[in-house]
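# Architecture and fold: a report
Okay, here's what each chain looks like letter by letter:
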Amino acid sequence: MDKLRKTRVATSSKKWGRYKSSEILPLWIADMDIKSPEFLEKSFIQRAKQNYFGYTDISEKIKLGIIEWYKYKFVNLLQKDNILFCNSVLHGYSIILQTCLPKNGSIIVFTPLYPPLMKIAEDLGIEVIEIPIVKEENYRIDFKLLEKTIKENSEISAITLCNPHNPIGKVWSGDVLSQIINLTKKYTLLLISDEIHSDLILDGNRFYSILDTSFSYKNKMVVLHSPAKTFNVAGLKASFMITRDQSLQKKLVEGLKKNFASELDIFSITMMEAIYTNIKDSYSYINSIIQRIEQNYRYLETALKKQSRCEIVKSQASFLVWIKVKDSACNNSSEIREVLREKYAMDIHEGTIFRGEGKNYIRMNIGCPKELLERAISQFITALENEAI
Ligand SMILES: Cc1ncc(COP(=O)(O)O)c(C=O)c1O
């Protein structure tokens, strides 16, 4: 563990940097403590050796690679023009909101949700209307409430989807997406889908992009994606948007230019080229990561089985787990975070910031070596058994 801490601190890791000189285990921000693929390292070294780092075009090969990549996600017939590069998913999201929403337009989101997808809109002065995801045996969207909300608020002009959904790990089904798409068509709304977690699908679940070939409606939709989570390269700033709607495409090209956001740096270009033109190697890495996450998930499930005060939400994607703490000694999950950090040497994300049901939940990052997870879970169990949280 000390070796991992030392290495990660030496790379100025945000996740570990806060706890340079303490024993605290970081299971908060969403990057993995697992190395990126070796073929990336080789590509970077090769590119560095060329020793020319001037202004650089993004090669066409990357777009062709992304078109292939999306075929694996059952999205066919993409054209090169449908793909627009941006330096990060969140910057791209901000540009979509600034460029494609009418003045005074508001958006709908489903909570609990990855906070920046709400905060970015609010900071732009856009009203965010929250539709709580209903928790029964499974999570579901209340379509009656959704349509009623759209009908009653004429300023609603977009729906922001997170698929797979951070933090609950839900992969939205084809049927759910089809219902959402029908509503966006009926009420002429923009549909923005953040699909950043969509390469890491667990337990053989089927992921549907909103661009899936089975959906015939193609207008007013834009997907955000990036290799950041899948290949643990969040420190490289590269993402892309996909839209088949030509008028949206035009607006976004202008918006990206105005924001100086469409150029990528050399190492991001090298990274994208290595990933999207070596699909076989990339998928072999993805499969190994999925296996590790599934193993960690099973470990977590078994270890926490006897803990009646905590309930794990069965994650269908990615390395973030949403956990309910029942009958907590703390007032809310911000307090839980503080107690875990100060007294039990582990840090997680408090659910409150995700809004919706988040008050009694924490989000734990399990994209790490088993040894780290075992230690963190043991500390978590002690905190539960001591009734400290
Ligand atoms: C759903 C979601 N979208 C976007 C991001 C951030 O993407 P980027 O770093 O490319 O802005 C994250 C990171 O955790 C995320 O979970």
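Residues numbered from 1 in each chain as written. Predicted model: local features only at pLDDT ≥ 70, side-chain atom pairs only at ≥ 80, totals over all residues. Heavy atoms only, no water.

Bringing the overall build of the chain into the picture now. For the chain, the helix and strand inventory stands at 13 helices and 15 strands. When its C-alpha atoms are laid out on the principal axes, the chain stretches across 60 × 60 × 35 Å. Across the 389 residues that make up the chain, the buried fraction comes to 56%. At a minimum sequence separation of 6, the contacts of the chain that also span at least 24 residues come to 73%. By element, 48% of the accessible surface of the chain is carried by carbon and sulfur atoms, the whole surface being about 17700 Å². Averaging the positions of the 54 positive and the 46 negative side-chain charges in the chain gives two centres separated by 2 Å. (Helix = DSSP H or I, 4+ residues; strand = E, 2+ residues; numbered from the N terminus. Buried < 20%, exposed > 50% of the residue type's maximum accessible area, 1.4 Å probe, protein only. Contact = heavy atoms within 4.5 Å. Areas by Shrake-Rupley, 256 points an atom, 1.4 Å probe, with all protein chains shown as cover. Lys, Arg positive; Asp, Glu negative; His and termini not counted. Charge placed at Lys NZ, Arg CZ, Asp CG, Glu CD.)

Relative to the 22 Å expected for 16 residues at 1.5 Å per residue, helix 13 (residues 370-385) spans 22 Å between its end C-alpha atoms, a close match to the ideal helical length. The set of residues buried in helix 13 consists of L372, L373, A376, I377, Q379, F380, I381, A383 and L384. (Expected span 1.5 Å × (residues − 1).)

Taken together, A30, S88, V89, L90, Y114, C162, N166, D194, I196, H197 and K229 make up the full set of residues adjacent to the ligand. In this structure, N166 approaches the ligand through a side-chain N or O atom, which is 2.9 Å from an oxygen atom. Protein chains bury 91% of the 400 Å² of accessible surface belonging to the ligand in isolation. (Near = heavy atom within 4 Å. Polar contact = N/O pair within 3.5 Å; in protein donor to acceptor, adjacent residues only side chain to side chain.)

What follows deals with the sheet that holds strand 9 (residues 221-225). A sheet is described by the order of its strands in space; here seven strands give the open sequence 2-10-9-8-7-3-4, paired in mixed fashion. Only two strands of the sheet have a single neighbouring strand rather than two, namely strand 2 (83-86) and strand 4 (128-132). Ignoring strand direction, the axes of neighbouring strands in this sheet form an average angle of 25°. Bridge count between strand 9 and strand 10 (residues 239-242): three bridges; the pairing is antiparallel. Bridge pairing in strand 10 places L224 opposite M241. (Pairing = 2+ DSSP bridges. Axes fitted to C-alpha atoms, helices over the stretch in contact; angles between N-to-C directions.)

It is worth spelling out the UniProt feature "domain: Aminotransferase class I/classII large" (unreviewed entry) in the chain at this point. Here, the residues flagged by UniProt with the feature "domain: Aminotransferase class I/classII large" (unreviewed entry) are residues 46-378. Taken end to end, residues 46-378 is 39% helix and 17% strand, and its first and last C-alpha atoms sit 43 Å apart. (UniProt positions renumbered as here; feature names shortened; annotations may be inferred.)

Before going further, it helps to examine the packing of helix 4 (residues 60-71) against helix 10 (residues 266-276). Where helix 4 contacts helix 10, the two axes come as close as 9 Å, and the packing angle between them is 40°. Taken together, the axes of helix 4 and helix 10 are oblique relative to one another. Note that helix 4 runs across helix 10; the crossing there is left-handed. Each of K61, I62, G65, I66 and W69 in helix 4 lies in contact with helix 10, whose residues at this interface are I269, M272, E273, I275 and Y276. Classifying every residue of the contact of helix 4 with helix 10 gives seven nonpolar, one polar and two charged. (Parallel < 35°, antiparallel > 145°, perpendicular 65-115°, else oblique. Left-handed = near helix turned anticlockwise from the far one by under 90°. Nonpolar A, V, L, I, M, F, W, Y, C, P; charged D, E, K, R; others polar.)

This next bit is on the packing of helix 11 (residues 279-304) against helix 13. For the pair helix 11 and helix 13, the least separation of the axes is 11 Å and the interaxial angle reads 25°. Compared by their axis directions, helix 11 and helix 13 come out roughly parallel. Here helix 11 and helix 13 pass one another in a crossing that is right-handed. Across the interface between the two elements, N296, Y299, L300, A303 and L304 from helix 11 touch K370, L373, E374, I377, F380 and I381 from helix 13.

As a further point, take the pattern of salt bridges. As enumerated under the stated definition, the model contains 22 salt bridges in all. Note that K135 and E311 form a salt bridge whose closest N and O atoms lie 2.6 Å from each other. Separated by 176 residues along the polypeptide, K135 in strand 5 (residues 134-135) and E311 in strand 11 (residues 310-312) bring together distant segments of the chain. Residues participating in the shared-partner salt-bridge network are R8, K15, D31 and D33. (Salt bridge = Lys/Arg side-chain N within 4 Å of Asp/Glu carboxyl O.)

Attention now moves to the packing of aromatic side chains. In total, this model carries twelve aromatic pairs according to the counting rule given. Between the aromatic rings of Y70 and F240, the centroid separation amounts to 6.4 Å while the plane-to-plane angle is 80°, which identifies the pairing as edge-to-face. One end of the pair, Y70, is in helix 4; the other, F240, is in strand 10, and 170 residues separate them in sequence. Since its relative accessible area comes to 0%, Y70 is described here as buried. Measuring from ring centre to ring centre gives 4.9 Å for Y72 and Y283, while their planes differ by 20°; the resulting arrangement is stacked. With Y72 in the loop between helix 4 and strand 2 and Y283 in helix 11, this pair connects stretches of sequence that are 211 residues apart. Taken together, the ring pairs in this structure connect W69, Y70, Y72, F231, F240, Y276, Y283 and Y285 into an aromatic cluster. We note K73 situated over the ring of Y70; from NZ or CZ to the ring centre the distance is 5.7 Å. It is R206 that lies over the ring of Y208; its NZ or CZ is 3.7 Å from the centre. (Phe/Tyr/Trp six-rings, centres within 6.5 Å; stacked < 30°, edge-to-face > 60°. Lys NZ or Arg CZ within 6 Å of the ring centre and 35° of its normal.)

P112 follows T111 through a cis peptide bond whose omega is 5°. Inspection of the secondary structure assignment puts P112 in the loop between strand 3 (106-111) and helix 6 (116-123). The omega torsion across N166 and P167 is 25°, close enough to zero to call that bond cis. Note on placement: P167 falls in the loop between strand 7 (156-162) and helix 8 (174-186). One non-glycine residue, N104, adopts positive backbone phi at about 65°. Structurally, the position occupied by N104 is in the loop between helix 5 (89-100) and strand 3. Judged by relative accessible area, N104 falls into the exposed class, the value being 70%. Located in the positive-phi region is T188, a residue other than glycine, with phi close to 45°. Along the chain, the position of T188 falls in the loop between helix 8 and strand 8 (190-194).

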